[in-house]
Number of protein chains: 2
Amino acid sequence: MTSSDKTLADRTYRQLRGDIVNGRLAAGSKLKLEGLAQDYAVGMSPLREALARLMGDLLVVSEGQRGFWVAPLSLDELDDVSRVRALIETEALNAAIRNGDAEWEHEVTAAFEALAAVEEHLPHTREPLPPEQLEIWEARNRAFHAALVSAAGSPMLIKLRALLYQQSERYRRVSLNVSRGWRNVHDEHRAIYDATMQRNALRACRMTELHLARTAEEVRKAMAALSRDDDAPGDKA
Amino acid sequence: MTSSDKTLADRTYRQLRGDIVNGRLAAGSKLKLEGLAQDYAVGMSPLREALARLMGDLLVVSEGQRGFWVAPLSLDELDDVSRVRALIETEALNAAIRNGDAEWEHEVTAAFEALAAVEEHLPHTREPLPPEQLEIWEARNRAFHAALVSAAGSPMLIKLRALLYQQSERYRRVSLNVSRGWRNVHDEHRAIYDATMQRNALRACRMTELHLARTAEEVRKAMAALSRDDDAPGDKA
DNA sequence: TGTCAATCTTATTTCGATATTTTTTCGAAC
DNA sequence: GTTCGAAAAAATATCGAAATAAGATTGACA
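The structure presented is a predicted model; accordingly, all values stated were derived computationally and were not measured.

**Student:** Help me out: how do you make sense of the environment of L160(B) in this one?
**Tutor:** Residue position: L160(B) is located in helix α7 (residues 155-176). Linking L160(B) and R85(B), residues 75 residues apart in sequence, is a C-alpha distance of 8.6 Å. For L160(B), the residues in contact, after removing those within four places along its chain, are V84(A), L160(A), L163(A), L164(A) and I88(B).

In structure tokens, the structure reads:
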């Protein structure tokens, strides 16, 4: 859509990726090729190509002659992803604080202010965020975290960080659908931003770890609640 | 071939991956689809699927309607990959030393001894290793490093480690074709092994870092020599 | 020398044929 | 009457080949 969609396979890859990350395609569900080909209006070849690429992003799994599934989510994997993400993200942030120049500071500031504009009047109530505002917040949150590490000077670190961020985002979306309102995520972002601008790498990394750990904890609660609901689905059969 | 080749796309993926990692398909070279389809005796569909998956492994790059290339190698990327690999690998080794049980110790020991059996009568001369012995050494080196971290208890860490190992292997293969004989790589492996068995995580990680840094240094020299040769290819035009 | 158009090469995609897995049906045994 | 298993049927994944469309190249013309 927005960026380089030179081929149908490209476009389909991006669409599928979005639909998996935001949960429109449920975790663990079977991806029936014929249905997908219809929904996305493509033939088998570009579709399979897109799915093959998504395997590399750890968003899709496949089994021999049996087809493709959306990669499942689990509490164990949530822990795993969160911990590895903290490792990568702090390493990258540390490097960025060492290497970042004035332009980087400017970009981080712009990203932070854009994010702050959304976060400052976030509902403290327990009503769920309207979908389109959620999309805006997701986009700016992603942009802020990406901007922070953009000066790390390590393409590999940045690639891995993006991979792990995307994994985390899948989990986070689960919790946002169940969430009892927003914790003070904005304060956490501000703490990271301030420490970064002061070039206090140690503090910036600690704040990042805290931020990731709290997010993971929130997701963990939401997922635990969900799986309890699955076990005891109430009255309706 | 050996493992799960349930589909043609699978087999082609593995074959291509091997041919890229061991350098049979040169870094940066164009992957002409028709030619590959002939060489690997497959149609377009499985071939493209395999290439799409290789993009996720960072072994292949593609550009819009222009096709596929073997991902290029560069000195900058070598540094980048080596550093990130050290980060991931030490983190994983540290966790493995914390978590590893007796079975893990046994597996590591078996892998080390298999590797040692090859390394102990490695030529100290400057003759290049015969290809089939090189393959054996590569396989056992890979198995040893994989065994070390296998008890890390973090699937994600292990996945990323495998990705980075594969990247490093591409670079290492370059240097082995130019190499002036083997440095005492066996002593380095033994040092890592001994520290690991003593559950001395700090020392094991330091030895690993040293091992990776030395390997990277060797590759760097080889690549620098190669690119000098490219610039001044001698008499022949 | 630069630009445009015709042509050729190559990547991309569609579509239909084939092979595999899953489900259903039917029958026999317990 | 129920359970188990085999065989047929349906659904689905995989693959190859031909059609399409995009990009690169060449050569004529200005």
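**Student:** Any chance you could explain the sheet that holds strand β2 (residues 60-63) of chain A here in plain terms?
**Tutor:** Residues and elements named next belong to chain A. Taking strand neighbours across the sheet as the criterion, the three strands line up as β1-β3-β2 in an open arrangement whose pairing is antiparallel. Strand pairing shows two members of the sheet lacking a second neighbour, β1 (30-31) and β2, which therefore form its edges. Note that β2 and strand β3 (residues 67-70) share four bridges and pair antiparallel. From the neighbouring strand, V61 faces β3, where its bridge partner is W69.

**Student:** I would appreciate a short explanation of the protein's contact with DNA strand C in the present structure.
**Tutor:** Around DNA strand C there are 20 residues in total, and L8(A), S45(A), R66(A), R48(B) and G64(B) lie nearest to it. Sugar and phosphate atoms represent 85% of those atoms of DNA strand C found within 4 Å of the protein. One nitrogen or oxygen atom from the side chain of R48(B) is found 2.7 Å from a phosphate oxygen belonging to DNA strand C. At the level of elements, α1 (8-21) and α3 (44-56) of chain A together with β1 (30-31) and β3 (67-70) of chain B are the ones that each hand at least two residues to the surface near DNA strand C.

**Student:** Looking at this structure, I do not really get unusual backbone geometry. What am I missing?
**Tutor:** Backbone phi values are negative for most residues with the exception of glycine, while trans is the configuration of most peptide bonds. All names here are of chain B. Unlike most non-glycine residues, A41 shows phi in positive territory, near 55°. Note that A41 resides in the loop between α2 (33-39) and α3 (44-56). One non-glycine residue with positive phi stands out, namely R199, at about 55°. We classify R199 as partly exposed; its relative accessible area is 30%.

**Student:** It is not clear to me how the interface of chain B and chain A should be interpreted in this structure. Could you clarify?
**Tutor:** Put simply, an interface is often sized by how much accessible area is lost when its parts join up. Listed per partner, the contact involves 28 residues of chain B and 28 residues of chain A. Carbon and sulfur atoms supply 72% of the area buried between chain B and chain A, which totals about 2,300 Å² over both sides. On the chain B side of the interface with chain A, the three residues burying the most area are E49(B), L87(B) and M156(B), jointly 24% of the side's total. Where chain B packs against chain A, one counts two salt bridges.

**Student:** When you look at the relation of the copies chain B and chain A in this model, what are you seeing that I'm missing?
**Tutor:** Each of the two chain copies can be generated from the other by rotation about an axis followed by a shift along it. The operation relating chain B to chain A is a screw motion whose rotation component is 180°, with 0.0 Å of axial translation and a residual RMSD of 0.0 Å. Within this description, the copies of the chain are treated as partners about a two-fold rotation axis. Within chain B, G56(B) has its C-alpha nearest the rotation axis, a separation of 2.1 Å.

**Student:** Is there a simple way to think about the domain arrangement of chain A in this case?
**Tutor:** Residues and elements named next belong to chain A. The domain boundaries assigned to chain A delineate domain 1 (8-70) and domain 2 (75-229). Taking only C-alpha atoms into account, the centre of domain 1 sits 26 Å from that of domain 2. At the junction of the two partners, domain 1 supplies ten residues and domain 2 supplies six residues. Summed over both partners, the interface of domain 1 with domain 2 comes to about 710 Å²; 53% of that surface belongs to carbon and sulfur atoms. Per-residue buried area on domain 1 facing domain 2 is highest for V21, N22 and L58; these three make up 57% of the total on that side. Joining domain 1 to domain 2, the criterion identifies zero salt bridges. Linking domain 1 to domain 2 there are two residue pairs in polar contact (both at pLDDT 80 or more). If one sorts the elements of the side of domain 1 that touches domain 2 by residue count, α1 sits on top with three residues. Among the residues making up the side of domain 1 that touches domain 2, the classes are represented as six nonpolar, two polar and two charged.

Cut-offs applied
Residues numbered from 1 in each chain as written. Chains lettered and ligands numbered in written order. Predicted model: local features only at pLDDT ≥ 70, side-chain atom pairs only at ≥ 80, totals over all residues. Heavy atoms only, no water. Helix = DSSP H or I, 4+ residues; strand = E, 2+ residues; numbered from the N terminus. Contact = heavy atoms within 4.5 Å. Pairing = 2+ DSSP bridges. Near = heavy atom within 4 Å. Polar contact = N/O pair within 3.5 Å; in protein donor to acceptor, adjacent residues only side chain to side chain. Buried < 20%, exposed > 50% of the residue type's maximum accessible area, 1.4 Å probe, protein only. Buried area = accessible area lost by both parts, 1.4 Å probe. Salt bridge = Lys/Arg side-chain N within 4 Å of Asp/Glu carboxyl O. Least-squares fit on C-alpha atoms with pLDDT ≥ 70 in both. Domains from an automatic or database assignment. Nonpolar A, V, L, I, M, F, W, Y, C, P; charged D, E, K, R; others polar.

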